[in-house]
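Read off the chains here:
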Amino acid sequence: MKYIRAELHNHTTHSDGQLRVEQLLAYAAENKFETLALTDHNTVSAHRPAFDLAQKEYPQLSLVPGVEITTFYGHILALGLRRMVDLTRLDPAAPDPFLQTLHDAGAVAVGLAHPFCLGHPISEGCRMNLQEYNWELINYIEVANTSGPDAVLGNAQALALWESLVLQGHRLAAVSGKDLHQLPTPQNVFVTYCISPEGAEGTRAERVLQAILAQQTIVTKGPLFCTQAEDGSITVTFAPAALPLPKTAFLLVIQQSDGESITYETDLCTPLKHTLAESVTSAVIKLYQNSCTYENLLAVGAPVYCEKGEAQR
Amino acid sequence: MQAQTFYTVKGVLPKGFVGHIAYSTVLPKALTGVQLKFVFDKKNLMESQEDFRDECEQTLAAQAPQLVPTKELLDHFCASAKTEINVSVFFDDYCAGSAHRNSAEKEFFITPTAASEGFTPCQPCGVARVVLHVLNVLNDETAYTLTMEEYKQ
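Residues numbered from 1 in each chain as written. Chains lettered and ligands numbered in written order. Predicted model: local features only at pLDDT ≥ 70, side-chain atom pairs only at ≥ 80, totals over all residues. Heavy atoms only, no water.

Draft legend 1. Quick peek at the overall build of chain B. A count of helical and extended segments in chain B gives two helices and eight strands. Taken from N to C terminus, the helices and strands of chain B fall in the order β-β-β-α-α-β-β-β-β-β. The C-alpha radius of gyration computed for chain B amounts to 19 Å, which surpasses the reference 15 Å derived for 153 residues by more than 25%, pointing to a less compact arrangement than a globule. When the backbone C-alpha atoms are referred to their principal axes, chain B occupies close to 60 × 30 × 25 Å. Across the 153 residues that make up chain B, the buried fraction comes to 46%. Pairs at least 24 residues apart make up 76% of the contacts formed inside chain B by residues separated by at least 6 positions. Summed over all atoms, the accessible surface of chain B reaches about 7,500 Å², with 52% contributed by carbon and sulfur. (Helix = DSSP H or I, 4+ residues; strand = E, 2+ residues; numbered from the N terminus. Rg over C-alpha atoms; globule rule 2.2 N^0.38 Å. Buried < 20%, exposed > 50% of the residue type's maximum accessible area, 1.4 Å probe, protein only. Contact = heavy atoms within 4.5 Å. Areas by Shrake-Rupley, 256 points an atom, 1.4 Å probe, with all protein chains shown as cover.)

What follows is the structure in structure tokens.
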């Protein structure tokens, strides 16, 4: 498997970012972003200059065109979207037609940005406040927005929502986002890697989008692993560690859709096999260090969905 | 030759208004481009902060009870609070872009070959719809002015 780093939430001076396009691309290249999504608020105007510059100066960077649709009722990330839609058409009481409009306009993957960010009057319009909608029109949830404190951005709640929906059978990827408006301060934050089979076809940007649509993403502070469900069991396979591992306990927790939660100690090297009960239709896999608290969360792996059993949508 | 002014419109918004305000006009043919200027006043919190602080405390209690509403934190929220009005432009159904930035004055142009950041170069034509996305109004009697004119280099 190939792990492709994907930074999926970024801004430039084409909206309220402080970095010009050339500064953002230079930073992304220097920090080995591999894939960079352009998600300015309500505009696609940075796309052309960014693509032109990347082609000339940064061939190592793959760009994903997109927009952060910034509404009064929350922010929606539309990856793959190359033209802005009319956001005045959004009815928060019945958002499905608007969400469909995003897909019809070319969005490949539609996600909810920082859905539990603090709301009025602290951050106007940032907290998701849409009424019931069809989860099939949403492809991913930003479970870790690393632009500020977790409590302000509601990251724990976003993760809990994603987990709850996956365990109900909804097909949703988990991603992180820097929500990059200025140069970030160096710190150990969650990063998204898209898991793609070796030799898969398509550009890197296309493979990233396909991975999101297949829920093949891992949100991590370092360790990388992939998860596969086959013949009634889950196999977790770890990628070789880039740095020596600290001498600490690593705990892999498998939360099943039948309500059972199983914890394994792992050395982050030996593949782990877990047998699923017949009734299980989906499972979430998370990795912790020392203890299973949010503060010690190291990685959220790709969820697994089982062929047998009735997946709920 | 002086640039043709298509319109100057003014408005006054009450505290708490949230919504879109659109101005639609038919553009003359063969334009070199359009230039727009949008300004509003009272961007920062000018009225009593007590009510605002109380609301922040309520929001914290409901949405992030683990965050202690210290004076420093509430001071930070007060200092960060802003009236926010962003501007999008459409020509017929085509969205030419948006001026979405933290500024009480937004000035930009759109021509077939160049445009301000936030906007894509295109030929202004047909029905020009300028939409004010009023996300937050902190103060009563917040006044704005929007001017659209022909772009002249």
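What follows picks up the thread again.
Draft legend 2. Broad picture of the pattern of salt bridges. Counted under the stated rule, the structure contains eleven salt bridges over all chains. A salt bridge links A:Glu22 to A:Arg20, with the nearest nitrogen and oxygen atoms 2.8 Å apart. Residue A:Arg20 is classed as partly exposed on the basis of its relative accessible area of 40%. Here B:Asp75 and B:Lys71 are joined by a salt bridge, their closest N and O atoms 2.7 Å apart. Taken as a pair, B:Asp75 and B:Lys71 lie in helix H2 (residues 71-80) at a separation of four residues, close to a single helical turn. Several salt bridges share partner residues, and in doing so they unite A:Arg5, A:Glu7 and A:Lys178 into one network. (Salt bridge = Lys/Arg side-chain N within 4 Å of Asp/Glu carboxyl O.)

Draft legend 3. Structural context of the interface of chain B and chain A. In this complex, chain B contributes 29 residues to the contact, which on the side of chain A involves 29 residues. A combined buried area of about 2,400 Å² lies between chain B and chain A, and 62% of that area is made up of carbon and sulfur atoms. Per-residue buried area on chain B facing chain A is highest for B:Gln63, B:His100 and B:Glu117; these three make up 26% of the total on that side. Here chain B and chain A share one salt bridge between them. We note a salt bridge from B:Arg129 to A:Asp86, for which the minimum N-O separation is 2.8 Å. Along the contact surface separating chain B from chain A lie twelve residue pairs in polar contact (both at pLDDT 80 or more). Looking at the side of chain B that touches chain A residue by residue, the class counts come to 13 nonpolar, twelve polar and four charged. (Buried area = accessible area lost by both parts, 1.4 Å probe. Polar contact = N/O pair within 3.5 Å; in protein donor to acceptor, adjacent residues only side chain to side chain. Nonpolar A, V, L, I, M, F, W, Y, C, P; charged D, E, K, R; others polar.)

Draft legend 4. Highlighting the sheet that holds strand E3 (residues 34-40) of chain B. Residue and element names in this part refer to chain B. Taking strand neighbours across the sheet as the criterion, the four strands line up as E1-E8-E3-E6 in an open arrangement whose pairing is antiparallel. Here the strands that pair on one side only, and so sit at the sheet edges, are strand E1 (5-13) and strand E6 (105-110). The mean angle between the axes of side-by-side strands here comes to 10 degrees, regardless of whether they run parallel or antiparallel. (Pairing = 2+ DSSP bridges. Axes fitted to C-alpha atoms, helices over the stretch in contact; angles between N-to-C directions.)

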